[in-house]
Amino acid sequence: MLRSLTIRDFVIVDRLDLEFGAGFGALTGETGAGKSILLDALGLVLGGRGEAGMVRTGRERADVAAEFDLPADGALATWLAEQALPAEDGVAILRRTMDAGGRSRAWINGVTVTLAQLRAAGEWLADIHGQHAHHALLRPDAQRALVDSLAGAAAQAAEVARLHREWQRLLQLLRSAEADSASSARERELLSWQLQELEELGFDAEAWQELNAEHSRLAHAAGLMEGADEALAALGEGELAVCSMLRHLDSRVAALADYDAGLVGVRELLGAAAIQADEALYALRRYRERLDLDPQRLAELERRIATVMDAARKHRVSPDELPELARQWRTRLDALEATADPARLAAAAAAAEGAFTAAAARLTALRQPAARRLADEITEAMQTLAMAGGRFEVALESCAPAATGVELVEFRVSANPGQPLRSLAKVASGGELSRIGLAIQVMASRDTAVPTLVFDEVDVGIGGRVAEIVGKLLARLGRDRQVLCVTHLPQVAACADWQWQIAKREQDGATLSTVTALDEDARIEEIARMLGGVNITATTRQHAAEMLGQR
C-alpha cells in the first residue's frame, strides 16, 4: 500500500509530508481547497502526464516522492530485478521532479529511470479513477477493453489484431498481384538482369580498396624505384654514406666519452641513430628488391577499375554503394516474386484467415463468460443504487472480422422495470451514468491485484441513500486493499476508516493548501460541515455523530 507522499512546490502546495493508513480513507474539504491536487501529485509520481504549470508560482521545480510497500515475492519485485533496479527493505520509493521549463526527471529507489519505467512501476502500485472516468465507458473501445481486462484476454486480443493485420497484408498482396501482373513481370525481369550484372561484376568493398592501393603502387612504380635508389645511395654507398658516417661518429664520441662523462648522453643518441639508420637501410633494400615495373598487371588493374566505375556511373552511385544497391534490388525482387504467384498468395491468405478465425474464436470464448459475469454483477449493484428493477447487459454482437475480433462489445442498460435494454451511451442520464460507472469501476478494481485504489470524486451525481450505499461499497473494498477517495458527500466520508481535511490558507500573499488528519471529534465537525454548510447546529453534530457511529 501507499505509506507516504512527500510534496514540494506543487501547484498551491508548498510542502506536505503525508503518512497514509490502511483501509478506506476519505479526503474532504471545500471546493478548490486542493483535494484533487494531492491526487494529481500522486498521479505525477506514478508516471502521469506532467506540465510546467504544476510548479508553484515563483519556484524552480516541483518535487513529489511516494513510498509504497514492496512484497518480496510480488510481481513488482520481479520486474525491478529484471530492470536491474534495487528492491531493498521491502519498499518502493518513486520520485519525480518537474521544472518550470517543463522538463521532468524520475527515480525508483534512488536510481534514475525513464518515464516509461516509472509508469510501468506505477501500474503495479496504484490505480487512479478520475472524476470523469465513467464518461469513458460510453466509448466502444473502452467497453471492449474493460471486458478484455476482466476476461484476462488482453494478450489474446493483441494476437487477434496481429493475425488480422497479416491476413489483410496478404490479401493486399493478392489484389496487387492480380491487378499488376504484367507490369510486375516487366519489373522482375529488369531487376533480375540488373542483379545478374552486379553479381557478374563481383564487386567487394574490401577488395576494391586493395585494388586501388595496388594500382597506385604500380602507376607510380618508376618514381618509387628512383626514390628508393636515391635513398639507398645516401644511406649505404660512398665515404659520406649516412650509415658509415654515423658509425664513425659513434666510435669517435665513444672514445672521447672515456675522458669526459658529459659526452655519454651524446654517444647514446648517436649509437641509437646509427642502429636505426642501419635498420632503415636493410628495410629499404628488401623493399627495392620486390619493387619492379609490371605493365601487364597495371593494365589489368586499370581495366578492372574502369569496369567498376562504368557500372557505378550507370546506376548513378559511388562504387562503395554498389553492394547496398544490390541488396535493395534483391529485397524488391523478393517482394515481387512473392506476388508473382496468385495461387500461392491465395493459399497463404486463406491460411492466415484460418489462423485469425481460430484466434478470434478463442477471444470470443474468453469474452462471453466475462461479459455475463459483469452484467450480473452490475445488475445486482443497480438494485442498491436507486435503480431497482434495472438491468445491465454486455452485448456481444457478431460483426465482420476486424482487428478487434468478430464481435462488437456494447454496454446496454434498462434503468427502470419494463423498459427495453438500450445502448448505455443513448439512454443513461448523468446520475444513472455516474452510479453505473462507479459500480463498474469498483467491480473492475476488485478483480485487480493493485494494492492501492484511488477514487477522485467518482460519487458525483449521487446523494442520500445511494451515497451511503456507495460509501459502504468503498468500505468493503477497503477491507482487502487501501482505498483513497476524494468526496463531497458526508455519507461516503462517514463510512471511511480515517479522514483528512484539506483546506486553503493565505500566507505572505500566496494561497497554500494544508492537510489535517482528523480525530473522532474533528471528524464529527467535518461531517457536520458537509451536512449543514455554514451554520452548524447541535442537531447537525448529533446527526454526524450518528453517521460515524453506524460504520
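Look up a bit, the structure's there.
Note that the coordinates shown come from a computational prediction; the quantities given were computed from them, not determined experimentally. (Residues numbered from 1 in each chain as written. Predicted model: local features only at pLDDT ≥ 70, side-chain atom pairs only at ≥ 80, totals over all residues. Heavy atoms only, no water.)

Q: How should helix α10 (residues 242-257) be read in this particular structure?
A: Every α-helix winds through 3.6 residues per turn, so residues three or four apart in the chain are directed the same way. Its 16 residues give α10 an end-to-end C-alpha distance of 22 Å, which sits within 8% of 22 Å, the value for a rise of 1.5 Å per residue. Turning to α10, its buried residues number three or more, namely Cys243, Leu246, Asp250, Val253 and Ala257. The buried residues of α10 occupy an angular sector of 100 degrees when the element is viewed end-on, so they sit on one face. (Helix = DSSP H or I, 4+ residues; strand = E, 2+ residues; numbered from the N terminus. Expected span 1.5 Å × (residues − 1). Buried < 20%, exposed > 50% of the residue type's maximum accessible area, 1.4 Å probe, protein only. Arc of directions from axis to C-beta.)

Q: I would appreciate a short explanation of the sheet that holds strand β9 (residues 391-402) in the present structure.
A: Whether parallel or antiparallel, the strands of a sheet pair through hydrogen bonds between backbone atoms. Reading across the sheet, the three strands line up as β9-β10-β11 and stay open at both edges, with antiparallel pairing between neighbours. In the strand order of this sheet, the two ends are held by β9 and β11 (422-423), each with one partner. The strands touched by helix α5 (residues 140-151) within the sheet are β9 and β10 (405-414), with β10 carrying the most contacts at an inclination of about 100 degrees. (Pairing = 2+ DSSP bridges. Contact = heavy atoms within 4.5 Å. Axes fitted to C-alpha atoms, helices over the stretch in contact; angles between N-to-C directions.)

Q: Would you take a moment to explain the environment of arginine 8 for this structure?
A: For arginine 8, the location among the structural elements is in strand β1 (residues 2-10). Along the sequence, arginine 8 and valine 64 sit 56 residues apart, while their C-alpha atoms lie 6.3 Å from each other. Among residues more than four places away in sequence, those in contact with arginine 8 are Val13, Asp14, Arg15, Leu16, Asp17, Arg61, Ala62 and Asp63. Side chain to side chain, arginine 8 and aspartate 17 meet in a polar contact 3.1 Å long. (Polar contact = N/O pair within 3.5 Å; in protein donor to acceptor, adjacent residues only side chain to side chain.)

Q: I'm lost on the sheet that holds β1 in this one. Help?
A: Across the sheet, which stays open at both edges, the six strands sit in the order β2-β1-β4-β5-β6-β7 with antiparallel pairing between neighbours. Unpaired on one side and paired on the other, β2 (13-19) and β7 (111-113) mark the two borders of the sheet. Strand-to-strand twist across the sheet, computed as the mean angle between neighbouring axes with direction ignored, equals 15 degrees. Both β1 and strand β4 (residues 61-69) contribute to a ladder of six bridges, which runs antiparallel. Following the sheet pairing, arginine 8 is matched in β4 by aspartate 63. Together, β1, β2, β4 and β5 (91-99) form the strand contacts of helix α1 (residues 35-45), whose direction differs from that of β1 by roughly 100 degrees.

Q: Sorry, what's going on with the nonpolar core here?
A: What tends to happen in soluble globular proteins is that the nonpolar side chains get buried as a cluster. Formed by 69 residues in total, the largest nonpolar core has its most connected members in Phe392 and Phe411. Per element, the largest residue contribution to this core is 14 residues, and it comes from helix α14 (residues 342-384). Each residue touching phenylalanine 411, except ones within four places of it in the same chain, is listed here: Leu137, Gln143, Leu146, Val147, Leu374, Phe392, Glu393, Val394, Arg422, Ser423, Leu424 and Ile440. (Core = buried A, V, L, I, M, F, W, Y, C linked by side-chain atoms within 4.5 Å.)

Q: Honestly, the pattern of salt bridges in this entry has me stumped. Any pointers?
A: Pairs can form between side chains of opposite charge whenever their charged atoms are close. A complete count under the given rule lists 26 salt bridges for this structure. Salt-bridge contacts for arginine 313 lead to aspartate 310; the nearest nitrogen and oxygen are separated by 2.4 Å. With a gap of three residues between them, arginine 313 and aspartate 310 both fall in helix α12 (residues 295-314), about one helical turn apart. Relative accessible area serves as the criterion here: at 52%, arginine 313 is assigned to the exposed category. With a relative accessible area of 44%, aspartate 310 lands in the partly exposed category. Through salt bridges that share partners, Glu393, Glu397, Glu410 and Arg412 make up one connected network. (Salt bridge = Lys/Arg side-chain N within 4 Å of Asp/Glu carboxyl O.)

Q: Before we go on, may I ask you to explain the side chain of aspartate 250 in this structure?
A: Position of aspartate 250 relative to the elements: it lies in helix α10. Among the residues examined, aspartate 250 registers a relative accessible area of 15% and is labelled buried. Here arginine 267 takes part through its side chain, which lies 3.2 Å from a polar atom of the side chain of aspartate 250. Not counting residues within four places of it along the chain, the set of residues in contact with aspartate 250 comprises Arg267, Leu270 and Gly271.

Q: In this structure, what is going on with α1? I would like to understand it.
A: For α1, the buried fraction is high: 10 of the 11 residues fall into the buried class. For α1, the complete set of buried residues consists of Lys35, Ser36, Ile37, Leu38, Leu39, Ala41, Leu42, Gly43, Leu44 and Val45. One or two residues past the end of α1 sits glycine 47, with phi positive at roughly 105 degrees.

Q: Would you mind going over the pairing of strand β6 (residues 104-108) with me for this structure?
A: Put simply, side chains in a regular strand alternate between the two faces of the sheet. Bridge count for β5 against β6 is five bridges, and the pairing is antiparallel. For leucine 94, the partnering residue across the bridge sits in β6 and is isoleucine 108. Where β5 hands over to β6, the hairpin turn is made up of four residues, of which glycine 102 adopts a positive phi near 90 degrees. By the bridge criterion, three bridges tie β6 to β7 in an arrangement that is antiparallel. Note on β7: the bridge partner recorded for alanine 106 is valine 113.

Q: What exactly am I supposed to notice about the pairing of β1 here?
A: In terms of residue burial, β1 counts as a mostly covered element, since seven of its nine residues are buried. With six bridges joining them, β1 and β2 adopt antiparallel strand pairing. Within β2, the residue paired with isoleucine 7 across the bridge is leucine 16. Linkage of β1 to β2, two consecutive antiparallel strands, is achieved through a turn of two residues, within which valine 11 is found at a positive phi near 55 degrees.

Q: It is not clear to me how the packing of helix α2 (residues 75-82) against helix α3 (residues 115-125) should be interpreted in this structure. Could you clarify?
A: Two elements in contact, α2 and α3, have axes separated by 9 Å at closest approach and are oriented at 165 degrees. Our classification of the angle between α2 and α3 gives roughly antiparallel. Considering the relative orientation of α2 and α3, their crossing is left-handed. Between α2, through Ala75, Leu76 and Trp79, and α3, the contact on the second element is made entirely by Gln117, Ala120, Ala121, Trp124 and Leu125. Grouping the amino acids of the contact of α2 with α3 by side-chain chemistry returns seven nonpolar, one polar and no charged. (Parallel < 35°, antiparallel > 145°, perpendicular 65-115°, else oblique. Left-handed = near helix turned anticlockwise from the far one by under 90°. Nonpolar A, V, L, I, M, F, W, Y, C, P; charged D, E, K, R; others polar.)

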